[in-house]
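# Coordinate inspection notes
Each chain, written out:
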Protein chains: 2
Amino acid sequence: MGRDKKFTEQDLYAATKKILVKNGYQGFTFSLLAKELQVSRATLYKYYDNKDELITNYMVFEMDSFLEKLKEIDNYQNFEQQFDFLINIIFADSEIHQIRSMAFEIPATNEKVKENNLKLKSQHKDMYEMLQKFVSLGKVNHQLKADLPDPLILGLIFQTVDIPNHFGVPQVEWIASIKEIIRHGMFTKD
Amino acid sequence: MGRDKKFTEQDLYAATKKILVKNGYQGFTFSLLAKELQVSRATLYKYYDNKDELITNYMVFEMDSFLEKLKEIDNYQNFEQQFDFLINIIFADSEIHQIRSMAFEIPATNEKVKENNLKLKSQHKDMYEMLQKFVSLGKVNHQLKADLPDPLILGLIFQTVDIPNHFGVPQVEWIASIKEIIRHGMFTKD
DNA sequence: ATTAAAAATAACACTAGTGTTACTTATTAG
DNA sequence: CTAATAAGTAACACTAGTGTTATTTTTAAT
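In this report, the structure presented in the accompanying data block is examined. (Residues numbered from 1 in each chain as written. Chains lettered and ligands numbered in written order. Predicted model: local features only at pLDDT ≥ 70, side-chain atom pairs only at ≥ 80, totals over all residues. Heavy atoms only, no water.)

## Details of the relation of the copies chain A and chain B
For the pair chain A and chain B, the superposition axis carries a translation of 0.0 Å, the fit reaches an RMSD of 0.0 Å, and the rotation angle comes to 180°. A rotation of that kind, with that shift, is consistent with a two-fold axis. Measuring from the rotation axis to each C-alpha of chain A, the shortest distance belongs to A:Gly185, at 1.9 Å. A shared binding surface is used by both copies, with 100% of the interface residues of chain A retained as interface residues in chain B. (Least-squares fit on C-alpha atoms with pLDDT ≥ 70 in both. Contact = heavy atoms within 4.5 Å.)

This is how it looks when you write it as structure tokens:
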């Protein structure tokens, strides 16, 4: 028994994402979230002790679903296909990578937040290992330049989602061009 | 006459930069700045009506000195040298580019802030024009791939300063590798 | 020494966000 | 139809940051 909830977990996460993208971690408040969900602020405190707990919870959720997708990279035989797949899933939901980068700002205000931070750390490790395998494959196959530092290869790929497209270049052209630069650079061959 | 100032404009800008890098725009407060400069918070209000005025002022100052340096790009004859020069000045003070990206968060809280925002906008235009010239040179010389969108070329170059170097790859190797990727990509030639 | 001016500050009122408590509303099993 | 309970909320006390005013301190010219 008891009355019906006014919002689902989906609603909650969607609103959390929206506010994080728009306002950043420090600009995120329970007041804004309450308004977005059309509930009182006190209601939110029934579910989470503070915003850090909600946000880290949300991040763990997103990271989980990204890792789930990323696992499919092993379905692709050759390195070229894996590269294409990786870029595609990163750009399929580019905002969550922007959000993930806010993780380092979050103070461990209580036990649950600490747990979530640990979980995030372990998820990050899992992700890094999968990506490391991808880079290794590229290097042993002599398809990736051996002298480039692995963290730079991965860092640059993930950084490309944050390049602002102020002039509104069509998404398809934008991504194709990014792939081209990552593969063979901006310079011509002569 | 009158008593001596407790800090110079240099001190002020150095402290502003430090806090902006560490805490971001929203985490920047006059309390933190006052503590950093060892003055009372009220003192700061003698110089600036609010933090937006100070921060935009500081940004105009930094942008000015960056533009001054950037102008030297014309001293270099060929495109390759210009490219090298550009990367070098960007990485010489990478933090200011991170700070510059905070500009869009700043609300125009008073007239002076509005003026500063206009000035920033015009500086940005100047910068873009110089960089546009650089890209054009590369394209007419057939040294830059003609089919890549100009804003992507520039956006990606500037984005590379924000790639986190968590594993502490030596700066020289890091930058050399970034140049290599931008020039000819991560992939080998076969 | 006195005084005018610049610089600095303490202290106040105000605002926005936080977290908690006591109470109300909606739902359904019996 | 009523009792149990899950869900929701209003209202309070608290904190951190903002912006202003009235006052004090330091300096140097007279």
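Back to the text.
## Details of the protein's contact with DNA strand C
Around DNA strand C lies a shell of 24 residues, among which A:Arg41, B:Met1, B:Lys6, B:Ser40 and B:Tyr47 are the nearest. If you look at DNA strand C and keep only atoms within 4 Å of the protein, 62% of those are sugar or phosphate atoms. Side-chain polar atom of B:Arg3 to a sugar or linking oxygen of DNA strand C: 3.5 Å apart, as the coordinates give it. One of the backbone N or O atoms of B:Lys6 is found 2.5 Å from a phosphate oxygen in DNA strand C. Counted by class, the surface near DNA strand C contains eight nonpolar, six polar and ten charged residues. (Near = heavy atom within 4 Å. Polar contact = N/O pair within 3.5 Å; in protein donor to acceptor, adjacent residues only side chain to side chain. Nonpolar A, V, L, I, M, F, W, Y, C, P; charged D, E, K, R; others polar.)

## Some thoughts on the protein's contact with DNA strand D
Not every one of the 24 residues close to DNA strand D is listed here, only the nearest: A:Met1, A:Lys6, A:Ser40, A:Tyr47 and B:Arg41. In DNA strand D, atoms within 4 Å of the protein come 62% from sugar and phosphate. A distance of 2.7 Å is found between a phosphate oxygen of DNA strand D and a backbone nitrogen or oxygen belonging to A:Ser40. Within the side chain of A:Tyr47, a nitrogen or oxygen atom sits 2.8 Å from a phosphate oxygen of DNA strand D. Elements that contribute at least two residues to the surface near DNA strand D include exactly helix 3 (41–47) of chain A together with helix 3 (41–47) of chain B. (Helix = DSSP H or I, 4+ residues; strand = E, 2+ residues; numbered from the N terminus.)

## Here we look at the packing of helix 5 (residues 79–92) of chain A against helix 7 (residues 111–140) of chain A
All names here are of chain A. Two elements in contact, helix 5 and helix 7, have axes whose closest approach is 10 Å; the angle formed by their N-to-C orientations is 145°. Where helix 5 crosses over helix 7, the two elements pack in a sense that is left-handed. Side by side, helix 5 and helix 7 meet where Phe79, Gln82, Phe83 and Leu86 of the first sit next to Leu131, Phe134, Leu137 and Gly138 of the second. (Axes fitted to C-alpha atoms, helices over the stretch in contact; angles between N-to-C directions. Left-handed = near helix turned anticlockwise from the far one by under 90°.)

## Structural notes on the pattern of salt bridges
Residue and element names in this part refer to chain A. Applying the stated rule across the entire model yields 25 salt bridges over all chains. Residue Glu95 pairs with Lys17 through a salt bridge whose shortest N-O separation is 4.0 Å. Taken as a pair, Glu95 in helix 6 (residues 95–100) and Lys17 in helix 1 (residues 9–23) lie far apart in primary sequence, 78 residues in all. The exposure class assigned to Glu95 is partly exposed, which follows from its relative accessible area of 34%. Across the salt bridge formed by Glu53 and Lys112, the nearest N and O atoms sit 3.7 Å from each other. Here Glu53, found in helix 4 (residues 51–71), pairs with Lys112, found in helix 7; they are 59 residues apart in sequence, far enough to count as distant. Of the residues examined, Glu53 reaches a relative accessible area of 4% and is grouped as buried. (Salt bridge = Lys/Arg side-chain N within 4 Å of Asp/Glu carboxyl O. Buried < 20%, exposed > 50% of the residue type's maximum accessible area, 1.4 Å probe, protein only.)

## A look at the packing of aromatic side chains
Two aromatic rings, taken as a pair, are described by how far apart their centres are and by the angle between their planes. All told, the structure shown has 18 aromatic pairs over all chains when counted by the stated rule. Aromatic side chains A:Tyr13 and A:Tyr58 sit 5.4 Å apart centroid to centroid with 55° between the ring planes, which places their arrangement in the tilted category. With a gap of 45 residues between them, A:Tyr13 in helix 1 and A:Tyr58 in helix 4 connect regions that are remote in the sequence. A:Tyr58 carries the same exposure label as A:Tyr13, and that label is buried. Arranged with centres 5.5 Å apart and planes meeting at 50°, the rings of A:Phe187 and B:Phe79 form a pair that is tilted. Linking A:Phe187 in the segment after helix 9 (171–184) with B:Phe79 in helix 5 (residues 79–92), this pair reaches from one chain into another. Judged by its relative accessible area of 4%, A:Phe187 is buried. Aromatic ring contacts, followed pair by pair, group A:Phe79, A:Phe83, A:Phe134 and B:Phe187 into a single cluster. Positioned over the ring face of A:Tyr25 is A:Lys51, at 4.4 Å from the centre of the ring. (Phe/Tyr/Trp six-rings, centres within 6.5 Å; stacked < 30°, edge-to-face > 60°. Lys NZ or Arg CZ within 6 Å of the ring centre and 35° of its normal.)

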